[in-house]
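# Fold and geometry: a report
This is what each chain is made of:
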Amino acid sequence: MITKRIIPCLDVKDGRVVKGVKFKGLSDVSSPVELGQYYSSMGADELVFYDITASAEGRKLFTDILRQVASKIFIPLTVGGGISSIDDFDRVLKCGADKVSVNSGAIRDPELIREAAEKYGDQCVVLSVDVSLVDGQYRVFGRGGRDDTGLDAIDWIRKGVSLGAGEVVVNSIDTDGVKQGFDLPLLKKVCDAVNVPVIASGGAGSIDDFKELFREIPTVDAGLAASIFHFGEVEIPELKRQLSESGINVRMTGF
Amino acid sequence: MIGIIDYGLGNLFSLQSSIKEIGEEAVVTRDPEEIRRADRLILPGVGAFRDAAALLAKDGLGDLVKQEAAGGKPLLGICLGMQLLFDKGFEYGEYDGLGLIPGEIRDIRERIPEGLKVPHIGWNGLQIRDRKNPLFDGVNDGDCVYFVHSYSAVTPKENVLATTEYGGVLTAAAARGNVMGCQFHPEKSGTVGLRILRNFAEKGRIR
């Protein structure tokens with residue numbers, strides 16, 4: 001059976017990984033290539049690179065770096081951050097991305113999902129959604145979680161999938177950074193609503209949180225996290241070993 | 001020199017990089033002379049069978065690949081490129097493939113229980129069915145590779161090299177003589193995938 005994926009997420013600004021990563025044995029902790037290789041060798045199943053650069057120059061640096069990453073790392077690569085047109089898709093796909101994640105760009109123009117899916121295939125389009133509970137309703141937030149769009153999250157995700165999104169990343173604003181576990185009620189709702197892979201994001205603080213995620217929601221496909229991996233609080237080989245021991249099917253890479 | 005056939009579909013950057021990584025040279029080409037000169041050929045592809053078959057038929061590229069394969073040159077199809085090696089595909093209608101391996105490309109929904117997600121996306125384990133072909137030398141049963149597909153090959157048992165389990169048994173790799181194909185993406189399957197590419201580059205020969 002298909003395995004549950006573990007996905008580290010790296011924020012890249014002006015071609016460098018930000019959020020201060022602490023690893024022994026890495027000569028350059030802010031090099032996306034070195035870090036990507038490190039995670040790949042540790043058994044990460046996929047890597048997500050978010051471009052948080054605002055300038056055109058930074059964008060150019062990002063694609064240069066992406067090309068270097070893709071020429072050295074042979075697992076699936078997802079790229080997000082500032083994707084708002086078919087040209088943006090084209091730009092990162094040419095540099096070796098396998099999937100492109102859209103967030104605010106798709107909120108502004110949902111047709112972007114359809115156009116991209118028709119051009120590159122559903123499997124290439126990842127809908128990333130920032131969600132928070134407001135007055136008992138799951139709402140979509142735009143602009144990096146700053147603006148309440150008023151959109152109902154489940155409706156928006158359903159719509160995105162019907163337009164052609166082949167995967168959904170659900171980032172819970174409410175659990176993000178709290179390190180008390182993934183937002184299970186939200187994720188359950190999303191998994192019940194769509195029949196494409198769902199990637200859980202926001203809230204992982206320990207190995208047990210991943211265990212709970214996959215045990216409580218067998219239909220969720222992947223767990224994504226950033227700082228707990230970067231700071232070595234959760235190490236992927238150990239995480240996978242423990243998941244496997246508790247009967248969750250993961251890819252073991254034999255380290 | 002490995003010739004990666006460029007018929008206008010798919011992103012060939014990773015594939016080319018992975019060939020470089022295993023220490024082989026690769027050229028991405030649609031030039032008949034270069035294709036003839038190559039020691040081995042890879043037929044890549046992402047997208048729908050219908051469009052790919054049409055693009056491949058253009059300028060006689062498909063016929064050239066068939067001739068080269070008939071002459072004994074090792075040929076590896078990847079993902080949609082693998083599907084094109086078979087007689088027919090049934091995505092958006094019925095379309096002819098290259099007919100190099102007997103069989104048809106069918107919707108995986110015909111063989112898996114309802115409710116399972118389609119496409120079949122992610123890392124899944126291999127069961128090696130034929131060890132006479134060297135493509136999976138050094139690869140163990142259960143080793144995971146990366147899949148992204150909604151259709152897969154239905155072919156007589158003697159052509160099946162490896163299978164994977166997704167609610168039902170799906171063909172993960174197939175071969176007939178010097179022609180072989182992987183439904184998964186070896187260029188995205190980490191060290192296991194690189195091993196498979198190396199096997200093709202070094203051995204890629206007939207059983």
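All values derive from a computational prediction rather than experimental measurement.

## Quick word on the overall build of chain A
When helices and strands are tallied, chain A shows ten helices and eleven strands. A globule of 255 residues ought to have a C-alpha radius of gyration of about 18 Å, and chain A, at 17 Å, matches this closely. Counting only C-alpha atoms, chain A reaches 45 × 45 × 30 Å along its principal axes. Counting across all 255 residues of chain A, residues that qualify as buried make up 59%. Within chain A, contacts between residues separated by at least 24 positions form 65% of all contacts whose residues are at least 6 apart in sequence. Summed over all atoms, the accessible surface of chain A reaches about 10,100 Å², with 48% contributed by carbon and sulfur. Positive and negative side-chain charges of chain A, numbering 30 and 38 respectively, have mean locations separated by a distance of 3 Å.

## Structural notes on the pattern of salt bridges
Following the criterion strictly, the structure yields 30 salt bridges over all chains and no others. The shortest N-O distance in the salt bridge between B:Glu68 and B:Lys73 comes to 2.6 Å. Three or more residues joined by partner-sharing salt bridges are found here, namely A:Arg5, A:Glu46, A:Lys99 and A:Glu167.

## Some words on the packing of aromatic side chains
Pairs of aromatic rings are described using the distance from one ring centre to the other and the angle between the two planes. The final tally for this structure, using the stated rule, is seven aromatic pairs over all chains. Their ring planes at 5° and their centres at 6.0 Å tell us that A:Phe89 and A:Tyr120 sit as a pair that is stacked. Here A:Tyr120 lies in helix H5 (residues 111–120) and A:Phe89 lies in helix H3 (residues 86–94), a separation of 31 residues in the sequence. A:Tyr120 shares its class with A:Phe89; the two are buried. Through a chain of ring-to-ring contacts, the aromatic side chains of A:Phe182, A:Phe210 and A:Phe229 assemble into a single cluster. Its end group placed over the ring of B:Phe90, B:Arg106 keeps NZ or CZ at 4.0 Å from the ring centre.

## A word on the sheet that holds strand S7 (residues 101–107) of chain B
All names here are of chain B. Ordered in space as S6-S5-S7-S11, the four strands form an open sheet in which the pairing is mixed. With one partner strand each, in any of the chains shown, strand S6 (95–96) and strand S11 (151–154) form the two edges of the open sheet. When strand S5 (residues 86–89) meets S6, the two strands line up antiparallel, connected through two bridges. Note that in S6 the partner of Lys88 across the bridge is Asp96.

## Here's the deal with the pairing of strand S6 (residues 125–134) of chain A
Residues and elements named next belong to chain A. By the criterion of burial, S6 is predominantly enclosed, with nine of the ten residues buried. As paired strands, strand S5 (residues 99–102) and S6 are joined by three bridges and run parallel to one another. Looking at S6, one finds that Val100 is bridged to Val125. As paired strands, S6 and strand S9 (residues 167–172) are joined by six bridges and run parallel to one another. Pairing of Val126 across the sheet is with Glu167, part of S9. Both S6 and strand S7 (residues 137–142) contribute to a ladder of five bridges, which runs antiparallel. Looking at the pairing, Ser132 lines up with Arg139 of S7. Remark: two residues form the turn of the hairpin made by S6 and S7, two consecutive strands paired antiparallel; Asp135 in that turn has positive phi of roughly 50°.

## Describing the state of the cysteines
Among covalent bonds in proteins, the disulfide is the one between the sulfur atoms of two cysteines. Summed over the entire model, instances satisfying the criterion amount to zero disulfides over all chains. A:Cys9 forms no disulfide, and the closest cysteine sulfur to it belongs to A:Cys124, at a distance of 17 Å. A:Cys124 forms no disulfide, and the closest cysteine sulfur to it belongs to B:Cys79, at a distance of 13 Å. Overall, the relative accessible area of 3% leaves A:Cys124 in the buried class.

## With respect to the sheet that holds strand S1 (residues 2–5) of chain B
All names here are of chain B. The strand order S2-S1-S3-S4-S14-S13-S12-S9 describes an open sheet built from eight strands, whose pairing is mixed. Two strands close off the open sheet at either side, each with one partner strand: strand S2 (26–29) and strand S9 (127–128). Bridge analysis of strand S4 (residues 75–78) against strand S14 (residues 179–182) gives four bridges, and the strand direction is parallel. Bridge assignment links Gly77 to a residue of S14, and that residue is Gly181. Helix H1 (residues 13–21) rests against S1, S2, strand S3 (40–43) and S4 of the sheet, and its axis sits at about 170° to S1.

## Quick notes on the interface of chain B and chain A
Counting residues at the interface gives 27 residues for chain B and 32 residues for chain A. Interface of chain B and chain A: buried area, both sides summed, is about 2,300 Å²; carbon and sulfur atoms make up 59% of it. Among the residues of chain B in contact with chain A, B:Phe13, B:Lys117 and B:Trp123 are the three that bury the most area, contributing 32% of the side total. Taken together, the connections running from chain B to chain A amount to three salt bridges. For B:Lys188, the salt bridge identified is with A:Asp98, shortest N-O distance 2.8 Å. At the junction of chain B with chain A, the criterion picks out ten residue pairs in polar contact (both at pLDDT 80 or more). Sorting the residues of the side of chain B that touches chain A by element identifies H1, strand S8 (120–125), strand S10 (144–149) and helix H6 (190–202) of chain B as the ones contributing at least two each. Across the side of chain B that touches chain A, the residue classes break down as eleven nonpolar, eleven polar and five charged.

## What to know about helix H4 (residues 61–70) of chain B
All names here are of chain B. Within the sequence span of H4, burial applies to Leu61, Gly62, Leu64, Val65, Glu68 and Ala69. Considered in projection along H4, the buried side chains sweep an arc of 160° and stay on one side of the axis. Relative to its buried face, H4 has exposed residues pointing more than 90 degrees away, namely Gln67 and Ala70. Contacts made by the buried residues of H4 are with S1, helix H2 (32–37), S3, helix H3 (49–57), S4 and S14. Gly72 sits one or two residues past H4 and shows a positive phi near 100°.

Definitions and limits used
Residues numbered from 1 in each chain as written. Chains lettered and ligands numbered in written order. Predicted model: local features only at pLDDT ≥ 70, side-chain atom pairs only at ≥ 80, totals over all residues. Heavy atoms only, no water. Helix = DSSP H or I, 4+ residues; strand = E, 2+ residues; numbered from the N terminus. Rg over C-alpha atoms; globule rule 2.2 N^0.38 Å. Buried < 20%, exposed > 50% of the residue type's maximum accessible area, 1.4 Å probe, protein only. Contact = heavy atoms within 4.5 Å. Areas by Shrake-Rupley, 256 points an atom, 1.4 Å probe, with all protein chains shown as cover. Lys, Arg positive; Asp, Glu negative; His and termini not counted. Charge placed at Lys NZ, Arg CZ, Asp CG, Glu CD. Salt bridge = Lys/Arg side-chain N within 4 Å of Asp/Glu carboxyl O. Phe/Tyr/Trp six-rings, centres within 6.5 Å; stacked < 30°, edge-to-face > 60°. Lys NZ or Arg CZ within 6 Å of the ring centre and 35° of its normal. Pairing = 2+ DSSP bridges. Disulfide = S-S within 2.5 Å. Axes fitted to C-alpha atoms, helices over the stretch in contact; angles between N-to-C directions. Buried area = accessible area lost by both parts, 1.4 Å probe. Polar contact = N/O pair within 3.5 Å; in protein donor to acceptor, adjacent residues only side chain to side chain. Nonpolar A, V, L, I, M, F, W, Y, C, P; charged D, E, K, R; others polar. Arc of directions from axis to C-beta.

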